[in-house]
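Take a look at the letters that make up each chain.
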Amino acid sequence: MPTSDSKPDTPRHAAFVRVTHWLTFVCFAALLVTGAEIVISHPRFYWGETGNVNTRPLFILHIPSSREIVPTGYGYVMPDQNGWSRYLHFETAWALVFTGLVYGVAGLWTGHFRRNLVPERGNRSWRAYLERIALYVRRKPPNPGEAVSYNVLQRTTYVVVIFVLFPLVILTGLALSPSFNSAIPAVVDLLGGRQSARTLHFFVSCILLLFLVVHVTMIAFAGFRSRMRAMITGRAAYREERT
Amino acid sequence: MKPISRRRLIATGLAATAGVAGLAAADRLALRFGLIPPDHGGLYGAGETLTYAAQRLLTSHSLAREFPRTMISKAPFANEIAHPGEEFRRHQAAGFVDWRLAVDGMVAHPLSLSLADLRRLPCRSQITEVVCEEGWSYIAEWIGTPLSGVLREAGILPQARYIVYYSIEHPWWESIDMADALHPQTFLALGMNDGDLPVPFGGPLRLRVPRQLGYKSVKFLVRLTATDSLKRFGKGLGSASPEAGYAWYAGI
């Protein structure tokens, strides 16, 4: 067995990590699809408090729109999917928040964050990052220990995704709610206004999508089947690792 | 698989019982305090109920942001409207002199108010943002009178829990709960940016509900009905929006 402190029957991922991981995946997929549908109804982005088709945009997505009022240059209007998309967007946002709460409490309780996600004491240096990047660049196989523990780049990425990007996407989303803004106007004001919040919500979602693509790509490189098994059953199949 | 121990079984059973009892109690409390939206059924009902209940518990009395005069949009955008019907065009040709707002349902004195009657009520203005569900927005100054004053004048009965309101253009109707209906910023708008309310923006009369998305701010308002239940209106989902697939509560 690879390291002394991991017993053979210790799962690679704790049950709460596996359950919340897949719940998050389902919620994120639904939020992504419905979010894209909502964007299609107005694929223009602005900065500041207000913005509409009479306002100069910050940028435009050159895609067809589901509304006639948006000048897209395309000769047709996409079907309107906003009704169910909005219902599902907010419902899965709730599910994501509850999943995040369970994960956050369990992660603190079990020491998961401290043990598995925060970079180890000896690795909190630029050198540690550069050394791990050099391994990627030289396409060196991962250390055997990386089958049971994350390296410093993985840890940093997960910490940023979990503790920066997800809270930020929730906060920028809340700043689009007129009722939330009436209760806590400081959030939307700090983000630079309603349209800035909408644009930031879009940007953070794009970064999360980029994370998803890289995440799945890296898993494919590391051994898709074994990594999937580890995240579904909890058991890591060490012998199948391409080390 | 490990065999389930008796202790574990009892603990799980107790937790499940407590969970079911808790849900039942939450359901009764939610009904009592009006935390269940009319479109609570179906696949998306859980999310809608959570949103509406959370907002009603946390934001019943909060005020929508108001803006300085310098932030009024230079080029506000009046969303496209269907070609006005014959009845509306007749009113428009006559300069809206016969336009009336009916107030009926659970009120002590049903009213029929002309625009001149509404102008005699206390005049207020607010500079608030219109926010469309599509994502765009603009800021304008709205001039008119709070809805709560009209409801008080009609002697709204304490049983009333919702105000249903109708546009002259069918089938465009909406409803709001009393927290929004009596909210000081819920507004019968007769003017916009120091002039009469232009027709594309809902003139001669529009209900502004600034703590909800634009589609709750119904244009060409002709009727308000106070009711204790939304079941008898349309398909019972609360307004035309859920019948078209959009959420009834648009405060998000």
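Just so it is clear, the structure is predicted and the values come from calculations on it, not from any experiment.

1. Topic: the nonpolar core
Counting residues in hydrophobic clusters, the biggest one holds 65 residues, and the most contacted among them are B:I163, B:Y165, B:L188 and B:A189. Ignoring anything within four residues of it in the chain, the contact list for B:I163 reads B:S175, B:I176, B:A181, B:L224 and B:A226. By size, the runner-up hydrophobic cluster in this structure holds eight residues, among which are A:A175, A:L176, A:V188 and A:A197.

2. Here we look at the interface of chain B and chain A
When the parts come together, some accessible area is lost, and that loss is often what is quoted as the size of the interface. Chain B puts 37 residues into the contact, and the matching count from chain A is 31 residues. At the level of elements, α2 (45-58), β3 (124-131) and β4 (137-146) of chain B are the ones that each hand at least two residues to the side of chain B that touches chain A. A total of seven residues in the side of chain B that touches chain A trace back to one element, the largest contributor, which is α2(B). Class assignment for the residues of the side of chain B that touches chain A results in 18 nonpolar, 12 polar and seven charged.

3. Digging into the sheet that holds strand β10 (residues 221-227) of chain B
All names here are of chain B. Within the open sheet, the five strands sit side by side as β2-β1-β10-β5-β6. Their pairing is mixed. Where the open sheet ends on each side, the last strands, each with one partner, are β2 (111-114) and β6 (173-177). The average angle at which neighbouring strand axes cross in this sheet is 20°, direction not considered. Bridge analysis of strand β5 (residues 162-167) against β6 gives five bridges, and the strand direction is antiparallel. Looking across to β6, one finds that I163 is bridged to I176.

4. Concerning helix α5 (residues 152-174) of chain A
Residue and element names in this part refer to chain A. The terminal C-alpha atoms of α5, which comprises 23 residues, lie 32 Å apart, in line with the 33 Å expected from a rise of 1.5 Å per residue. Residue V161 marks the point of greatest curvature in α5, where the axis turns by about 35°. All buried positions along α5 are accounted for by V169, T172 and G173. Where α5 is buried, its residues touch α2 (82-110) and α8 (194-232).

5. Observations concerning the confidence of the model for chain A
All names here are of chain A. Looking at chain A as a whole, the pLDDT averages 91, with 93% of positions reaching at least 70. The secondary structure element of chain A with the lowest average pLDDT is helix α4 (residues 126-137), at 91, and the one with the highest is strand β1 (residues 44-45), at 98. For residues 1-6, every residue scores under 50 in pLDDT, and the model assigns this stretch 10 contacts once sequence neighbours within four places are set aside.

6. Observations concerning the packing of α2(A) against α2(B)
Contact pair α2(A) / α2(B): the axes reach a minimum separation of 8 Å and the direction vectors enclose 70°. Viewed along their axes, α2(A) and α2(B) adopt a mutual orientation that is roughly perpendicular. For the pair α2(A) and α2(B), contact is made by A:Y87, A:F90, A:E91 and A:W94 and by B:A46, B:G47, B:E48, B:L50 and B:T51, respectively.

7. Some words on unusual backbone geometry
Residue and element names in this part refer to chain B. In this structure, the amide linkage connecting H170 to the following residue, P171, adopts the cis form with an omega of -10°. Among the secondary structure elements, P171 is positioned in the loop between β5 and β6. Residue F96 is not a glycine yet carries a positive backbone phi of 60°. By secondary structure assignment, the location of F96 is in the loop between α3 (86-93) and β1 (100-105). Classification of F96 as partly exposed rests on a count of 17 C-beta atoms within 10 Å. Notably, N193 is not glycine yet its phi reads approximately 50°, a positive angle. Take N193: it is sitting in the loop between β7 (187-192) and β8 (195-196).

8. Things to note about the packing of helix α1 (residues 15-40) of chain A against α2(A)
Residues and elements named next belong to chain A. Running from N to C, α1 and α2 point in directions that differ by 155°, and their axes come no closer than 8 Å. As summarised for this structure, α1 and α2 are arranged roughly antiparallel, according to the angle between their axes. In the crossing of α1 with α2, the sense of the turn from one axis to the other is left-handed. Each residue belonging to the contact of α1 with α2 can be placed in one class, and the counts come to 13 nonpolar, nine polar and two charged.

Criteria and cut-off values
Residues numbered from 1 in each chain as written. Chains lettered and ligands numbered in written order. Predicted model: local features only at pLDDT ≥ 70, side-chain atom pairs only at ≥ 80, totals over all residues. Core = buried A, V, L, I, M, F, W, Y, C linked by C-beta atoms within 7 Å. Buried ≥ 20, exposed ≤ 12 C-beta atoms within 10 Å, placed from the backbone. Contact = placed C-beta atoms within 7 Å. Helix = DSSP H or I, 4+ residues; strand = E, 2+ residues; numbered from the N terminus. Nonpolar A, V, L, I, M, F, W, Y, C, P; charged D, E, K, R; others polar. Pairing = 2+ DSSP bridges. Axes fitted to C-alpha atoms, helices over the stretch in contact; angles between N-to-C directions. Expected span 1.5 Å × (residues − 1). Bend = angle between axes of the 7 residues up to and from the residue. pLDDT = per-residue confidence, 0-100. Parallel < 35°, antiparallel > 145°, perpendicular 65-115°, else oblique. Left-handed = near helix turned anticlockwise from the far one by under 90°.

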